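Structural overview for review
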Amino acid sequence: MQRTLNKSVRFEGVGLHSGKPVCLTVHPAPAGHGISFCRSDIALGEAVVPARWDAVEQGPLCTKIVNGAGVSVSTVEHVMAALSGCGVYNARLELDGPEVPILDGSAAPFVQRFLEVGLQSLDQPVWAIRILQQVEVRRGAAWARLAPANEMKIEFSIEFEDAAIGRQHKTLNMANGSFVRELCTSRTFCRQSDVQAMHEQGLALGGSLDNAVVVQGDKVLSPGGLRHADEAVRHKMLDALGDLALAGAPILGAYTGARAGHAMTNALLRKLFETDGAFCFVRCTAEQAARLPGAGVHLGEMPKVA
């Protein structure tokens, strides 16, 4: 059955790109509500922004959703990944600014609180998107693909000049809480050489060594080093799950990305939904639901982080 949180949870921090303080409260929601964001700082007009693929305003460094009135919420990918990875299908996210707080740069603080308050089952079944035929998008050397599979799988490859990252590749079946165990603690990352350019564009103004992994050549500048030897590719997989959660329902299919980012994953969803015969909606059996991200996950599966 569909699930939501047992009670509301609150997060305070700064926006990664805006650098401004923000408070986010994630509230339970009824069956069929889905995921939505509400800007409490918007006094007039439509303040609700649906967490949907067709509300995405494409950009390279984060996922930004915008409603018909032009009200936006940025950097939604980490909290969306946490909701999907914990099997939360209905929630109302209220925030008092234009960007979700970055916290420690991963999805772990969201996951921790969601699992601490627990989930409740609702009175409607889960519907999933079953991929029926392969769809793919390419931009230069980068590409992303969705293909048929009986469960959700994510495979990702990256390559960076900095030896601290280099070439990394990972594949995960997302069933049985693997997101919580394997991906949720992995932090956003950047190259020290890119920081000044981002600041000149008004981006990453809230970034620091406390909420991002910063590398320079073969060195990791962030205190404590890496949480995983392949933390960078794990974070890209985390981002991909969050961006795919904007499909509006869990996906039964295999996602593969190579050098892909937020904009490409959204372009892939757009191609999926405009391609006749590429997918169908299925009412999940108990067996199918058990293969979805978040099924049966519990707080004891959270990794310890410094």
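Refer to the preceding data block for the structure.
Attention here is on the structure that accompanies the text.

1. Things to note about the nonpolar core
Ranked by size, the top nonpolar core spans 78 residues in total, and within it F37, F114, F179 and Y255 carry the most contacts. When residues no more than four places from it in sequence are discounted, the contact partners of F179 are A81, A82, G85, A107, V111, M174, C184, L238 and L241. Residues Y89, A128, V282 and C284 belong to the second largest nonpolar core, which totals seven residues.

2. Structural notes on the packing of aromatic side chains
One pass over the structure, following the stated rule, counts eight aromatic pairs. Judged by centre distance (4.8 Å) and plane angle (25°), the rings of W53 and F273 are stacked. Here W53 is found in the loop between β5 (48–50) and β6 (56–57), whereas its partner F273 is found in helix α6 (residues 262–274), with 220 residues between them in sequence. On the basis of an interplanar angle of 85° and a centroid distance of 5.0 Å, the ring pair of F273 and F279 is categorised as edge-to-face. The rings of W53, F273, F279 and F281 are connected pair by pair, giving a single aromatic cluster.

3. Some words on the sheet that holds strand β16 (residues 189–191)
Read from one edge to the other, the open sheet built from three strands follows the order β16-β17-β18, with strand pairing classed as mixed. Only two strands of the sheet have a single partner each, and these edge strands are β16 and β18 (219–220). Where strand β17 (residues 213–216) and β18 come together, two bridges link them in antiparallel fashion. Looking across to β18, one finds that V215 is bridged to V220. Of the strands in this sheet, β16 and β17 touch helix α4 (residues 192–200), which is tilted by about 95° from β16.

4. Things to note about the layout of surface pockets
The volume enclosed by the second largest pocket comes to roughly 510 Å³. Lining the second largest pocket are 27 residues, and of these G34, Y89, G248, A249 and P250 lie nearest its centre. When residues of the lining of the second largest pocket are traced back to their parent elements, those giving at least two are α1 (77–85) and α5 (231–244). Tallying contributions element by element places α1 first for the lining of the second largest pocket, with three residues. Of the residues belonging to the lining of the second largest pocket, the class tally is 19 nonpolar, seven polar and one charged.

5. Some details on α6
Compared with an ideal rise of 1.5 Å per residue, which puts 13 residues at 18 Å, α6 spans 19 Å between its outermost C-alpha atoms and is within 8% of the ideal. Of all 13 residues in α6, ten are buried; the element is thus mostly enclosed. By the burial criterion, the buried members of α6 are H262, A263, M264, T265, N266, A267, L268, L269, L272 and F273.

6. Thoughts on the environment of S18
By the element assignment, S18 lies in the loop between β2 (9–14) and β3 (21–28). For S18, the contacting residues outside a window of four places in its chain are E99 and L205.

7. Structural notes on the pattern of salt bridges
By the definition in use, this model includes 21 salt bridges. When salt bridges with common partners are traced through the structure, they connect E161, D162, R191 and D194 into a single cluster.

8. Quick look at empty space enclosed by the protein
In total, this model carries two cavities of 30 Å³ or more according to the counting rule given. Space inside the largest cavity adds up to approximately 60 Å³. A164, I165, Q168, F189, V213, V215, L226, A229, E231 and A232 are the residues that line the largest cavity. Listed by contribution, the elements that provide at least two residues to the lining of the largest cavity are β17 and α5. For the lining of the largest cavity, the per-class residue count stands at eight nonpolar, one polar and one charged. In this model, the second largest cavity occupies a volume close to 30 Å³. Around the second largest cavity sit T75, H78, V100, P101 and I102, which together line it. Considered class by class, the residues forming the lining of the second largest cavity number three nonpolar, two polar and no charged.

9. Overview of the packing of α5 against α6
Orientation of α5 relative to α6, taken along the N-to-C sense of each, is 40°, at an axis distance of 10 Å. In this structure, α5 crosses over α6, and the sense of that crossing is right-handed. Here D239, A240, D243 and L244 of α5 lie close against α6, whose contacting residues are H262, T265 and L269. Taken together, the residues that form the contact of α5 with α6 break down as three nonpolar, two polar and two charged.

The rules we used
Residues numbered from 1 in each chain as written. Predicted model: local features only at pLDDT ≥ 70, side-chain atom pairs only at ≥ 80, totals over all residues. Heavy atoms only, no water. Core = buried A, V, L, I, M, F, W, Y, C linked by side-chain atoms within 4.5 Å. Buried < 20%, exposed > 50% of the residue type's maximum accessible area, 1.4 Å probe, protein only. Contact = heavy atoms within 4.5 Å. Phe/Tyr/Trp six-rings, centres within 6.5 Å; stacked < 30°, edge-to-face > 60°. Helix = DSSP H or I, 4+ residues; strand = E, 2+ residues; numbered from the N terminus. Pairing = 2+ DSSP bridges. Axes fitted to C-alpha atoms, helices over the stretch in contact; angles between N-to-C directions. 1 Å grid on protein atoms, 1.4 Å probe; cavity = no way out; pocket = protein on both sides within 12 Å on 5 of 7 lines; lining within 4 Å. Points joined across faces, edges and corners; volume = space filled by probe spheres on them. Nonpolar A, V, L, I, M, F, W, Y, C, P; charged D, E, K, R; others polar. Expected span 1.5 Å × (residues − 1). Salt bridge = Lys/Arg side-chain N within 4 Å of Asp/Glu carboxyl O. Left-handed = near helix turned anticlockwise from the far one by under 90°.

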